[in-house]
Amino acid sequence: MYLLHELRANGFSSRVLEAGDDVGGTWYWNRYPGARCDISTTDYTYTWDPELHEQWTWSEKHAAQPEILKYAQFVAKKHDLYSGIDFNTKVTSAAWNDSAKRWTLNTSTGETITARHYVMATGCLSVPKDPDIPGTDRYQGPVYVTGRWPHEGVDFTGKKVAVIGTGSSSIQSIPHIAEQAAELVVFQRTPNFSMPAFNGPQPADRAARLEADRKAYEAEARLSSAGVPMEMPTVSALGVSRDEAFAMLEKSWQKGELLALGGTFMDVGTNREANEVICDFMRTKIKEVVNDPETAELLSPRGHAYGTKRPCMDTNYFQTFNLPHVRLVDLRKKPISSITETGIEFGNESKDFDAIVYATGFDAMTGAIVNVDITGKDGLTLKKKWEHGPLTYLGLTSVGFPNFYMITGPGSPSVLSNMMVSIEQHVDWIRDTLIDLREAGVDTIEATPVAEEGWRVHCTDCADITLFQDTNSWYMGANVPGKPRVLFPYIGGVGRYRQTCDEVRARGYLGFELSGSSTKQRNDGIVRQVQPDVDMVLEMMAQMGLPSMDSMSPAEARAFSEASSAMRPPGPEVGEMIDGTLPGAAGPLEYRLYRPATKGPHPVVVYFHGGGWVFGSHVSDDPLCRDLCKNADVLIVSVNYRHAPEDRFPAAADDGYAALQWVAANVASLGGDPSRIAVAGWSAGGNVAAVAAQLARDNGGPELKGQLLLTPVTDGSRQHGSHHENADGYILTKSLMEWFWNHYADQSDRSHPKASPLLASDLSGLPPAMVVTAQFDPLRDEGDAYARALMGAGVPVEHLQARGHIHTSITMVDALPSGKPPRAQMAAALRRFLH
Ligand code: NAP
């Protein structure tokens, strides 16, 4: 409806084809009893016509389906949209004609329509899925599907009713069906989390904010995470006691807002343990309400993380199971063997019913799109292209299908957001694009394969740091047999997504090929490559406007670094940590020993911290040392070598080697195994580790089993491409690196292999290495060069090029989930070297 309005307003000719006989979409089809909005209706409204807010007042916080349908009809009438819509008309097939540069659409009314541009605004949850239960066609009584509810309503008075499914639709309708039915049996396969909607008038705080400044409120919604203004949580569910956590959750619960509960803590979406706190809270609530403990337990979700199946909002759902005529059947114990002519056979029971309600869900996200036979360039159908999962650029377009767009398509925030905000954003983007194309004389726009693959990778990166993958949900396509298993919506957030779409336009349609009779432009590229959690940290830091460390004195930089370290999560528990001193090259050095909880003696890793030779200490990489100690099952000795500018080159290198020698000589007394020693280090510490390995080779030992170099400094003698490419914006900057070098070593010393291990004349005979480099690190190329040089010299090397990472991100244990896989690989490398 909004798109039709915008196309008309901007002088495009358009037609809207609609399967139903009225407007309203999801609110037209889903008329089951109790159907209502789960987002406060204040937020679930159009913003494009400011007059609507004066002319329409929602009667309730969560408006019911009839009222939302009336709203859609009201808007359609007000803007004369009915005249632009062909009702009772389905698209049966659509094909791209490459010579005419137009789409040809065939409809259920026998019409053929051609169009320059083709938009599928077919909804994410509009095709009910096949219930997938044997015998469904045998039943002779009335059958109702929540997503196709009769317009005249259904009277269940005095009837024996079966409801199959316990998702949102069922959870909303069951209390109403129970009010009428003589007997109600609910067939549950998976229990769901649900909270009371506490429906009533519009929430006063939101109403006041809207009253005060509607524009600001709407702007905040557009840049929010889920399309509703909300404060972002900063507390970990694991950082407070259980009682405190429950008190905070109770406060969110009382708000009766779907997003409030999940938004109480910062880590419920990414950390299973943190998520379990909410799950526990929700189960406690169920027990408080349901009288029969066995039924309460059956209704309590246990197998999936909160939020990974769409949480529900209800009015008296759990209370309904206290009614004497309502029964819950656990399909995991008593599966349905068949629907019969008169009822349902389940477990060892057979029961007759007067009506069966299927609340079994939808072929979500892609069903409505691929059910239309859409053929793009070279005869490729969208169904075929998407057989292993939807491939889109921005969830808006797809390679091979020029001038084809989707509203809230897979790969866009869609069902993980307030749909109204996401729909409006897509309409705005498509409208602006069509205007741009018209102005530039462009006939076709098509995403490039590079951009589409980049978007797929980014969507996967976002999904990988969440808990969604572990749950069989419709978000993952798991409810439809044979559907590919991927996270269909984009989970990077509404605000970031909007910024991404805007950026694509602002950068001259990055990732698109545009062509017209006298113009052709292919602006290839990938719009988001930094890991999503790393990107968020970078954005937060940019907003904080922190001073650059290279503008500080070494003392100030050390204080700043220590203050930042104090705010990190501590890392995993290890068996034991002991602080001590060891003899360095010119005096005692502090060290911290990390011992695994497992039985020793353990192999030993001598570790050198990062900090550009200027700051850091034996405890400054604590979380990383704990992580490696635990996951590689190794004893770690982290050494506080001397720092510049007080002690310049080669102090750090000499201390590194001296510490290694001392550890080797004292391994047994430390509880380690003298025959299994390796070195490791990060950044400047990677430099110290690499140099120590070379010195050990050249000076008679100790014999090392391996070296783990994380984003190491290997060459201070010259500039590498990544110094320029990643000069700014990724925490370690080119100028900070220069500041480090200036404090550490004279120009003339920087070519010495003890400063630049890459420049050693011979790299053969060094221990097996794992070299980790990060894509957005100024030091990337020198690390890559060291890995290649070691390989060239015959050293066994595992070279991990961490995609989307920056110099610091892999060390941020428990703060950045995307660092976990590379750290796991690092631990695995140490295990290979040493176990
Ligand atoms: P749903 O969440 O997919 O729930 C379907 C239910 O049917 C699940 O409990 C599922 O069990 C069960 N089921 C499916 N096939 C089955 C089978 N063969 N045998 C037994 N049980 C079976 O569908 P929905 O309730 O219609 O909701 C879909 C989505 O629509 C919601 O998640 C929400 O996004 C949206 N919605 C929104 C609102 C609102 O905003 N007010 C209301 C309704 C729906 P399993 O979990 O074991 O697969």
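Residues numbered from 1 in each chain as written. Predicted model: local features only at pLDDT ≥ 70, side-chain atom pairs only at ≥ 80, totals over all residues. Heavy atoms only, no water.

Along its length, the protein chain carries 25 helices and 29 strands. Since a compact globule built from 835 residues should have a radius of gyration of about 28 Å, the 31 Å found for the protein chain is in line with a globular shape. When the backbone C-alpha atoms are referred to their principal axes, the protein chain occupies close to 90 × 75 × 50 Å. Within the protein chain, the proportion of its 835 residues that are buried is 57%. Within the protein chain, counting contacts between residues at least 6 apart in sequence, those at least 24 apart form 74% of the total. Surface accessibility of the protein chain: about 33400 Å² in total, with carbon and sulfur atoms responsible for 51%. (Helix = DSSP H or I, 4+ residues; strand = E, 2+ residues; numbered from the N terminus. Rg over C-alpha atoms; globule rule 2.2 N^0.38 Å. Buried < 20%, exposed > 50% of the residue type's maximum accessible area, 1.4 Å probe, protein only. Contact = heavy atoms within 4.5 Å. Areas by Shrake-Rupley, 256 points an atom, 1.4 Å probe, with all protein chains shown as cover.)

Reading across from one edge, 5-4-3-17 is the order of the four strands in this open sheet, with mixed pairing throughout. Each edge of the open sheet is held by one strand with a lone partner, namely strand 5 (112-115) and strand 17 (373-375). Across the sheet, the axes of successive neighbouring strands diverge by a mean angle of 15°, strand direction being ignored. (Pairing = 2+ DSSP bridges. Axes fitted to C-alpha atoms, helices over the stretch in contact; angles between N-to-C directions.)

Let us look at the site of the ligand. Taken together, 26 residues form the shell around the ligand, and within it Arg36, Pro131, Ser169, Thr190 and Lys309 come nearest. Within the contact set of the ligand, an oxygen atom lies 2.6 Å away from a side-chain nitrogen or oxygen of Ser169. One of the side-chain nitrogen or oxygen atoms of Thr190 is found 2.4 Å away from an oxygen atom of the ligand. Here the shell around the ligand takes three residues from helix 5 (residues 168-180), the largest share from any one element. Each residue belonging to the shell around the ligand can be placed in one class, and the counts come to 10 nonpolar, nine polar and seven charged. (Near = heavy atom within 4 Å. Polar contact = N/O pair within 3.5 Å; in protein donor to acceptor, adjacent residues only side chain to side chain. Nonpolar A, V, L, I, M, F, W, Y, C, P; charged D, E, K, R; others polar.)

Contact pair helix 20 (residues 651-670) / helix 21 (residues 684-698): the axes reach a minimum separation of 9 Å and the direction vectors enclose 60°. Relative to helix 21, helix 20 is oriented oblique. The handedness of the crossing between helix 20 and helix 21 comes out as right-handed. Side by side, helix 20 and helix 21 meet where Ala652, Ala653, Gly656, Tyr657 and Leu660 of the first sit next to Val688, Val691, Ala692, Leu695 and Ala696 of the second. Considering only residue class, the contact of helix 20 with helix 21 consists of nine nonpolar, one polar and no charged. (Parallel < 35°, antiparallel > 145°, perpendicular 65-115°, else oblique. Left-handed = near helix turned anticlockwise from the far one by under 90°.)

Moving on, we come to the layout of surface pockets. Quantified by volume, the second largest pocket comes out at close to 560 Å³. Looking at the second largest pocket, it is lined by 20 residues, and the ones nearest its centre are Met230, Glu231, Lys255, Ala260 and Gly263. For the lining of the second largest pocket, the secondary-structure elements that each account for two or more residues are helix 6 (204-222) and helix 7 (242-255). It is helix 6 that contributes the most residues to the lining of the second largest pocket, five residues altogether. Per-class residue counts for the lining of the second largest pocket are eight nonpolar, four polar and eight charged. (1 Å grid on protein atoms, 1.4 Å probe; cavity = no way out; pocket = protein on both sides within 12 Å on 5 of 7 lines; lining within 4 Å. Points joined across faces, edges and corners; volume = space filled by probe spheres on them.)

A few words on the sheet that holds strand 8 (residues 160-164). Ordered by their spatial adjacency, five strands build an open sheet running 7-16-8-9-12, and the pairing between neighbours is parallel. Strands with a single pairing partner mark the edges of an open sheet, and in this sheet they are strand 7 (143-145) and strand 12 (326-330). On average, each strand axis in the sheet is tilted by 20° relative to the strand beside it, whichever way the strands run.

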